[in-house]
Amino acid sequence: MSTMLNKRWDVIRILFAKTQQGKIEWTTGPTPEMVYANIGGLGISLQPMVSDFIVSFYDEDGALTESMTDVDFTSQGFENCYPIMQNLYEIARAHATGSEKVIDSLLDILNNI
């Protein structure tokens, strides 16, 4: 495994954990399926691409610095890349679109009818 990919996978793993804890503010991106987070002035986006997930990193000016897919990690020996990126995406998308708040509100309303 390359050191370069190790650091990038560490970012994704930590981002996944922090997203699960509700500590990352996700928004929808410029394309309908993209989710985006600004973290300390730097950006990260995640989006599905046919049968993969692509993660992109942006500098403080919003310029794309690099992109990679779950396949890039898996091909280098990292494990569970697709399910981790898929779960991260699903949680981030639910946060970005507000769907979890809608579902929680509907449950409250339905339980009080």
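Going by the structure above, here's the rest.
In what follows, the accompanying structure is described. (Residues numbered from 1 in each chain as written. Predicted model: local features only at pLDDT ≥ 70, side-chain atom pairs only at ≥ 80, totals over all residues. Heavy atoms only, no water.)

**Overview of the pairing of strand β4 (residues 52–58)**
Buried residues dominate β4, accounting for six of its seven residues. Inspection of the sheet shows strand β3 (residues 42–49) paired to β4 by seven bridges, in the antiparallel sense. Within the sheet, the bridge partner assigned to Ile44 lies in β4 and is Phe57. Where β4 lies against strand β5 (residues 64–69), five bridges are found, and the strand directions are antiparallel. When the sheet's bridge partners are listed, Val55 is paired in β5 with Met68. Between β4 and β5, which pair antiparallel and follow one another directly, the connecting turn spans five residues, one of which, Gly62, has a positive phi of 85 degrees. (Buried < 20%, exposed > 50% of the residue type's maximum accessible area, 1.4 Å probe, protein only. Helix = DSSP H or I, 4+ residues; strand = E, 2+ residues; numbered from the N terminus. Pairing = 2+ DSSP bridges.)

**Quick look at unusual backbone geometry**
With a phi angle near 55 degrees, Val50 is a residue other than glycine that sits in the positive phi range. Judged by its relative accessible area of 92%, Val50 is exposed. With a phi close to 60 degrees, Asn80 is a non-glycine residue in the positive phi region. If you trace the backbone, Asn80 turns up in the loop between α2 (70–74) and α3 (81–97).

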